[in-house]
Amino acid sequence: MLEFLTEYGLFLAKSVTVLVTILVVVGFVVAMGQKHKGDEKGHIEITRLNDKFRANIEALKDVITDDEQRKVELKAEHKQEKADAKAKKKASKKQAGDETPTDKKSRVFVVQFDGDIKASAVENMREEITSILGVATSEDEIVVKLESGGGMVHSYGLASSQLDRIKKKQIPLTVCVDKVAASGGYMMACVADKVLAAPFAIMGSIGVVAQLPNFHRLLQKNDIDFEMLTAGEHKRTLTMFGENTDKDREKFVEDLEDTHELFKDFVTEHRPAINISEVANGDVWFGKRALDNNLIDELMTSDEYIANRVQDADVFEVEYVHRKTIQEKLGMAVQGAADRLIITWLTRLQSSRFFS
């Protein structure tokens, strides 16, 4: 028992030390947060996918290729690299003394959009697109890897407008869909010059839906009154707690139909080859059927398309990364310290003779 108390006392002393350290760290984080309060909320990160693809291939070759054969391959690759570098240098000198620019590799910028019901990812995408448009030309290309089951009309309207900024700059835009681009997701996809989809990716639907529960009878049953005051005949139509009338429903459906017409006009404007009367009925199509209905241009995964572009272009993945807030940093520090304390405490208890 005495030995256990001694061990526990040592553990308690260490715990107090850790807690004091945490307080010091918290103070430091708060001070730094105040110092950099006006800093940007995040930053752009760029990954050159050519290097990533090549590194993966080289790593695989190192494992599966015979040592002697690998030496020969590396020697040949090194020789080719020197030749390419020499040719590039020669072309640069020629370009410097010639008014006519020489051919150069095109650039491809890849961004990712994973959509939720509020299209929250548009906050990152707008930063990524703004950065890319600062350097891209009509000789380049922007590829958007899009996944979304749709959501709020106004949110996906904004997301579509972000992609339309690319079109207005006359920069080729390609959208790749590996799993799903439905409803608002397809509203975004149809803006592109070229839409690619995996064979079983879900495309569509060109439709509008709204639903809500109504608790009016439940409130009546429990003698609960609900009052809603409005100014304007159509300020509120259907409600969750009040009594809905046929007139309310009629107006609500009228608004849905108007939104649907706007959606159909939007799709027709960007993909005139679509027979909108046949596809704008709320149906969804897998990749092959979507191709037959001109909803997409080609069956291909994003991996295949990007791997092909790596062969003839410089491909860059662009991602906007948020800077962690003080609260997030503090939470991670406290969580880590707490986890270590719990593990240490359990280890002490298990090793103590008092519990043997």
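See the structure printed just above.
Residues numbered from 1 in each chain as written. Predicted model: local features only at pLDDT ≥ 70, side-chain atom pairs only at ≥ 80, totals over all residues. Heavy atoms only, no water.

## Considerations on the overall build of the protein
In plain terms, the rule: Secondary structure follows DSSP: runs of H or I at least 4 residues long count as helices, runs of E at least 2 residues long count as strands, and numbering of each begins at the N terminus. In what follows, residue pairs with any heavy atoms lying within 4.5 Å of each other are defined as contacts. Here the open area of atoms and residues is found with the Shrake-Rupley method and a 1.4 Å probe, where only the protein chains shown may cover a residue.
In terms of regular secondary structure, the protein is built from twelve helices and ten strands. Sequence-distant contacts, at least 24 apart, represent 74% of the contacts inside the protein between residues at least 6 apart. For the protein, the accessible surface area stands at approximately 23600 Å², while carbon and sulfur atoms represent 56% of it.

## Quick look at unusual backbone geometry
The residue after glycine 204, namely serine 205, is reached through a cis peptide bond having omega -15°. One non-glycine residue, alanine 119, lies in positive phi territory at about 55°. Its place among the elements puts alanine 119 in the loop between strand S2 (106–114) and helix H4 (122–133). A positive phi angle, close to 60°, is found at glutamine 170, a residue other than glycine. Considering the arrangement of structural elements, one finds glutamine 170 in the loop between helix H5 (153–168) and strand S4 (173–177).

## Examining the nonpolar core
This is how it is decided: What we call a nonpolar core is a set of buried Ala, Val, Leu, Ile, Met, Phe, Trp, Tyr and Cys residues that are connected through their side-chain atoms within 4.5 Å. When a residue's accessible area, from a 1.4 Å probe over protein chains only, is under 20% of the maximum for its type it is buried; when over 50% it is exposed; and in between it is partly exposed.
Among the nonpolar cores identified, the biggest contains 47 residues, and Phe113, Ile142, Val144, Leu163, Tyr186 and Met203 are the most heavily contacted of them. No other element matches the five residues that H4 contributes to this core. Dropping the residues within four chain positions of it, isoleucine 142 is found in contact with Phe109, Ile132, Leu133, Ile166, Ile171, Pro172, Leu173 and Thr174. Grouped together as the second largest cluster of nonpolar side chains are twelve residues, Val110, Val143, Cys176 and Leu196 included.

## Some words on the packing of aromatic side chains
To be explicit about the condition: Think of it this way: a Phe, Tyr or Trp ring, Trp meaning its six-membered ring, pairs with another when their centres are within 6.5 Å, and the plane angle makes it stacked under 30 degrees, edge-to-face over 60, tilted otherwise.
Evaluation of the coordinates by the stated rule reveals five aromatic pairs. Taken together, a centroid distance of 6.4 Å and an interplanar angle of 75° make the contact between phenylalanine 113 and tyrosine 156 edge-to-face. With phenylalanine 113 in strand S2 and tyrosine 156 in helix H5, this residue pair connects regions lying 43 residues apart in the sequence. Ring centres 5.8 Å apart and planes at 25° place the aromatic pair phenylalanine 215 and phenylalanine 241 in the stacked group. Here phenylalanine 241 lies in the loop between helix H7 (216–221) and helix H8 (246–270) and phenylalanine 215 lies in the loop between strand S7 (202–204) and H7, a separation of 26 residues in the sequence. Look at phenylalanine 215 and you get partly exposed, because its relative accessible area is 31%.

## Focus: the sheet that holds strand S3 (residues 141–147)
The criterion, for reference: Two strands form a pair only when DSSP identifies at least two bridges running between them. Whenever a helix is involved, its axis is fitted only over the stretch in contact; in every case the axis is a line through C-alpha atoms, and angles between N-to-C directions fall within 0 to 180 degrees.
Overall, mixed pairing links the seven strands, which are arranged S1-S10-S2-S3-S4-S6-S9 in an open sheet. Unpaired on one side and paired on the other, strand S1 (42–48) and strand S9 (298–299) mark the two borders of the sheet. Bridge analysis of S3 against S4 gives four bridges, and the strand direction is parallel. Bridging from a neighbouring strand, valine 144 pairs with valine 175 of S4. Its contacts with the sheet put H5 on S2, S3 and S4, and the angle it makes with S4 is roughly 135°.

## Quick look at the sheet that holds strand S5 (residues 180–181)
What holds strands together in a sheet is hydrogen bonding between their backbones, with the strands either parallel or antiparallel. Pairing is mixed across the open sheet formed by three strands, whose spatial order is S5-S7-S8. A single partner strand is all that each edge strand has here, and the edge strands are S5 and strand S8 (284–286).

## What to know about the pairing of S3
Two faces, one strand: in a regular strand the side chains alternate between the faces of the sheet. The criterion, for reference: Note on handedness: a clockwise path from strand one over the helix to strand two, with the strands aimed away from the viewer, defines a right-handed crossover.
Here S3 lies mainly inside the structure; seven of its seven residues are buried. Both faces of S3 are covered, namely the face carrying Glu141, Val143, Lys145 and Glu147 and the face carrying Ile142, Val144 and Leu146. Inspection of the sheet shows S2 paired to S3 by seven bridges, in the parallel sense. Counted as the bridge partner of phenylalanine 109 is isoleucine 142 from S3. Of the crossover connections in this fold, the one passing from S2 over H4 to the parallel S3 is right-handed. Traced from S3 through H5 to S4, the parallel crossover comes out right-handed.

## Concerning a nonpolar patch on the surface
We apply this condition: Here a patch means residues that are over 30% exposed by relative accessible area and free of salt bridges, tied together within 9 Å if like-charged and within 5 Å if nonpolar (Val, Leu, Ile, Met, Phe, Trp, Tyr). Between Lys or Arg on one side and Asp or Glu on the other, a salt bridge is scored when a side-chain nitrogen of the former is within 4 Å of a carboxyl oxygen of the latter.
A cluster of nonpolar side chains, namely Leu212, Phe215, Leu218, Phe226, Met228, Met240 and Phe241, defines an oily patch on the protein surface of about 570 Å² accessible area. With respect to the element layout, leucine 212 can be found in the loop between S7 and H7. With a relative accessible area of 38%, leucine 212 lands in the partly exposed category.

## Topic: the side chain of threonine 65
To keep things clear, this is the line we draw: Side-chain atoms alone can form a polar contact between residues adjacent in sequence; in general such a contact is a pair of N or O atoms within 3.5 Å, and within protein one must be able to donate a hydrogen while the other accepts it.
Looking at where threonine 65 falls in the secondary structure, it is placed in the loop between helix H2 (49–64) and helix H3 (67–96). Within the structure, the side chain of threonine 65 is placed 2.9 Å from the backbone oxygen of lysine 61, a separation counted as a polar contact. Discounting chain neighbours no more than four positions away, the residues touching threonine 65 are Arg70 and Glu73.

## Brief notes about the pattern of salt bridges
Close approach of charged atoms lets side chains of opposite charge pair. One pass over the full model with this rule turns up 15 salt bridges. For the salt bridge of arginine 249 with aspartate 246, the shortest nitrogen-to-oxygen distance reads 3.1 Å. You can see arginine 249 and its partner aspartate 246 sitting in helix H8, three residues apart, about one turn around the helix. The exposure class assigned to aspartate 246 is exposed, which follows from its relative accessible area of 63%. Salt bridges sharing common partners tie together Arg48, Asp51, Lys105 and Asp314.

## So, the environment of glycine 151
Along the chain, the position of glycine 151 falls in the loop between S3 and H5. In this structure the C-alpha to C-alpha distance between glycine 151 and glycine 185, which are 34 residues apart in sequence, comes to 8.1 Å. Look past the residues within four positions of glycine 151 in its chain and what remains in contact with it is Ile117 and Tyr156.

By themselves these figures say nothing about function.
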